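# Structural description and commentary
Each chain, written out:
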Amino acid sequence: MMDPKSTRIGWIGTGVMGRSMCGHLMDAGYRATVFNRTVGKTDDLVARGATLAGSPREVAEQSDVVFTIVGFPSDVRSVIIDGDDCVLAGCRSGITIVDMTTSQPSLAEEIAEQAAKLGVISIDAPVSGGDTGAKNAALSIMIGGDTSAVESVRPLFDLMGKTVVHQGGPGRGQHTKMVNQTLIASGMIAVCEGLLYAHKAGLDIPTVLQSVSSGAAGSWSLSNLAPRMVDGDFDPGFFVEHFIKDMGIALDEAARMHLSLPGLALAHQFYQAVAAQGHSKDGTQSLLLALAKMNNINWS
């Protein structure tokens, strides 16, 4: 059972989303030990009472449940299962690891297998909702892992998200996130093209959004990211480089299943252009800038 008085939380990855997510657990009374490669990104949480650890291993040694949300599958592997300073090196039997990074389903399965040999529980629980969802504890959390283990951690998930769904065994959370990213990818092209059409037609874009956001064309991206595009706000709620990584994982999994996804492949190519134009560290809404450049439109 999760209990703020006795359950110790570990958190690895305190970036755009992780900082807010860990903060919600601390707000509920849980003691947290945190680690981030860029130490300065832990300052807010440490100021609120979190303990700063020197390595992922130290986090595990001081925790009952260890959460990770890092950048790439290589980071997940390095943090959790590789080397003397990884999470598993500091685990004792009974600890639970929850990886909330969007990563490879096969890696989630591998982590679960290695953890089980040590009597450690591993859950994959990638999220959707971006920085806004993280700040508002409104994330959608897609979970893979043993049913009883998932249910034991559910009170912590409920502090971070509004939609918490167990999808099946190890790796199933990651597979579900690939579905999520596939849906978003082509949708983002449509949002950007719609805004460019409205601009070229001389329409007042905020007024257009009032009409289309609540109709059949409505989507999370249209409601949450289109206003940022209109305001010229391309700060990352989710990094372009991470989205390219996600689409690459989905395309690799699709190829393994002999599945053709031409819409996703096109979106992947468009985002490669976004990165090539210098926006890899910007938010996914910066796709608009690449498409505007193709049409010789100065969006600013």
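Refer to the structure presented above.
Before going into details, it helps to say that this report is about the structure given with it.

Thresholds, definitions, all that
Residues numbered from 1 in each chain as written. Predicted model: local features only at pLDDT ≥ 70, side-chain atom pairs only at ≥ 80, totals over all residues. Heavy atoms only, no water. Helix = DSSP H or I, 4+ residues; strand = E, 2+ residues; numbered from the N terminus. Buried < 20%, exposed > 50% of the residue type's maximum accessible area, 1.4 Å probe, protein only. Contact = heavy atoms within 4.5 Å. Salt bridge = Lys/Arg side-chain N within 4 Å of Asp/Glu carboxyl O. Phe/Tyr/Trp six-rings, centres within 6.5 Å; stacked < 30°, edge-to-face > 60°. Pairing = 2+ DSSP bridges. Right-handed = clockwise from strand over helix to strand, strands pointing away.

## So, the environment of A50
Mapped onto the fold, A50 is located in the loop between helix 2 (43–47) and strand 3 (51–52). In this structure A50 comes out as buried when scored by relative accessible area, which is 7%. Residues A50 and F35, spaced 15 residues apart in sequence, show a C-alpha to C-alpha distance of 10.0 Å. The residues contacting A50, other than those within four sequence positions of it, are M26, A32, V34 and L45.

## What about the pattern of salt bridges?
Taken as a whole and judged by the stated rule, the model has 11 salt bridges. The salt bridge partner of D27 is R48, with a shortest N-O separation of 2.6 Å. Remark: R48 occurs in the loop between helix 2 and strand 3 and D27 occurs in helix 1 (residues 18–27); sequence separation between them is 21 residues. Classification of D27 as exposed rests on a relative accessible area of 57%. Look at R48 and you get partly exposed, because its relative accessible area is 45%. For E253, the salt bridge is made with R256, and the minimal N-O distance between the two is 2.8 Å. Here the residue E253 and the residue R256 both occupy positions in helix 12 (residues 240–256), the gap between them amounting to three residues, near one helical turn. Residue R256 is classed as exposed on the basis of its relative accessible area of 52%.

## Digging into the environment of K162
One can find K162 in strand 9 (residues 161–168). In the structure, K162 is positioned 159 residues away from D3 in sequence and 20 Å away in space, judged by C-alpha atoms. Excluding residues within four positions of it along the chain, K162 makes contact with A137, A138 and L139.

## Quick notes on the packing of aromatic side chains
Evaluated as defined, the whole model comprises three aromatic pairs. Ring plane angle 20° and centroid distance 4.9 Å describe the contact between W11 and F67, whose orientation is recorded as stacked. Highlighted residues: W11 in strand 1 (residues 8–12) and F67 in strand 4 (residues 65–68), separated in sequence by 56 residues. Take W11: its relative accessible area is 0%, and that puts it in the buried class. With a centroid separation of 5.0 Å and 80° between ring planes, the pair formed by F243 and Y271 is classed as edge-to-face. Here the residue F243 occupies a position in helix 12, and Y271 occupies one in helix 13 (residues 262–279), the gap between them amounting to 28 residues. The same class applies to F243 as to Y271, namely buried.

## Examining the pairing of strand 4
Alternating positions in strand 4 separate into two faces, V65 and F67 on one and V66 and T68 on the other, with burial throughout. In terms of strand pairing, strand 1 meets strand 4 through four bridges, oriented parallel. Counterpart to G10 in the pairing with strand 4 is V66. Of the strand pairs in this sheet, strand 4 and strand 5 (residues 96–99) are connected by four bridges, and their pairing is parallel. From the neighbouring strand, T68 faces strand 5, where its bridge partner is D99. Note that the unit made of strand 4, helix 4 (residues 73–80) and strand 5 has a crossover that is right-handed.

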